[in-house]
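# Structural characterization, general
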Amino acid sequence: MAATSEAKFPVSSAQAGVLVNGKQTDIHCSIFTDHLYVIVTQYCKLGTLVQVKSETVVDELEGPSPVLTTKVLFGKDEPLTHVMARHIVSSLKPHTPVLLGLSLRDTTREVLHALLPAIQSCVARAQSGPASSQSSTDDGVR
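Residues numbered from 1 in each chain as written. Predicted model: local features only at pLDDT ≥ 70, side-chain atom pairs only at ≥ 80, totals over all residues. Heavy atoms only, no water.

For the protein chain, the name recorded in an unreviewed UniProt entry is Proteasome assembly chaperone 3, with Batillaria attramentaria as its organism.

Here it is, written out as structure tokens:
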């Protein structure tokens, strides 16, 4: 059976570039059927790759509640990496596991909070499909 020309490519992607505290930060998001892949880099490389999954924990008093678990697949396994990964992924509210590549010169709270809107926007554009998979650049300094 021949494939139709209307078949959708199974991966949609988007990318963005932002200046945060004078440092160029590149963001790339790809959405696969079974996971979300996000790279946030100030070094033009992948950096530390973290897998983030949402699990449900049942408490007898409070009932079920979601918990994000992190696992460093390669790179530096540091506590700050896990904190940043949980914070970024919790802001995205994904329905699938996330692979997050982090390579940041500046890992302060201010930088993380400045990056969150750009990451969320990149993921939203990737979710909306191939028509919006082009790159965008925000040259504003934050």
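Quick look at helix 1 (residues 79–92) now. Given 3.6 residues per helical turn, the α-helix brings residues three or four places apart onto the same face. Taking 1.5 Å of rise per residue, 14 residues should cover 20 Å, and helix 1 covers 21 Å from first to last C-alpha, within 8% of that figure. Among the residues making up helix 1, those that are buried are T81, H82, M84, A85, I88, V89, S91 and L92. Immediately downstream of helix 1, the backbone of K93 shows phi near 50°, a positive value. (Helix = DSSP H or I, 4+ residues; strand = E, 2+ residues; numbered from the N terminus. Expected span 1.5 Å × (residues − 1). Buried < 20%, exposed > 50% of the residue type's maximum accessible area, 1.4 Å probe, protein only.)

It is worth spelling out unusual backbone geometry at this point. Within the chain, C44 stands out as a residue other than glycine whose phi angle is a positive 60°. Among the residues examined, C44 registers a relative accessible area of 67% and is labelled exposed. Of note in this structure, K93 is not a glycine but carries a positive phi near 50°.

With 5 of its 6 residues buried, strand 3 (residues 36–41) lies for the most part within the structure. Where strand 2 (residues 23–31) and strand 3 come together, 6 bridges link them in antiparallel fashion. Its bridge partner being in strand 3, C29 is matched across the sheet by V38. What sits between the antiparallel neighbours strand 2 and strand 3 is a turn of 4 residues. By the bridge criterion, 6 bridges tie strand 3 to strand 6 (residues 98–103) in an arrangement that is parallel. When the sheet's bridge partners are listed, T41 is paired in strand 6 with S103. (Pairing = 2+ DSSP bridges.)

The subject of this paragraph is the packing of helix 1 against helix 2 (residues 109–127). Direction vectors running N to C along helix 1 and helix 2 enclose 45°, while the axes themselves pass 10 Å from each other. As the angle between them shows, helix 1 and helix 2 are arranged oblique. Considering only the axes of helix 1 and helix 2, their crossing is right-handed. On the side of helix 1, the interface is formed by M84, H87, I88, S91 and L92, while helix 2 contributes L112, H113, L116, I119, Q120 and V123. When grouped by side-chain class, the residues that make up the contact of helix 1 with helix 2 number 7 nonpolar, 4 polar and no charged. (Axes fitted to C-alpha atoms, helices over the stretch in contact; angles between N-to-C directions. Parallel < 35°, antiparallel > 145°, perpendicular 65-115°, else oblique. Left-handed = near helix turned anticlockwise from the far one by under 90°. Contact = heavy atoms within 4.5 Å. Nonpolar A, V, L, I, M, F, W, Y, C, P; charged D, E, K, R; others polar.)

Next up on the list: the nonpolar core. I27, V38, V40, I88, L100, L115 and I119 are the most contacted members of the largest nonpolar core, which totals 31 residues. Counting residues per element, the ones that place at least two in this core are strand 1 (12–20), strand 2, strand 3, strand 4 (48–59), helix 1, strand 6 and helix 2. Per element, the largest residue contribution to this core is 10 residues, and it comes from helix 2. Apart from residues lying up to four places away in sequence, L100 is in contact with V38, V40, T48, L49, V50, A85 and I88. (Core = buried A, V, L, I, M, F, W, Y, C linked by side-chain atoms within 4.5 Å.)

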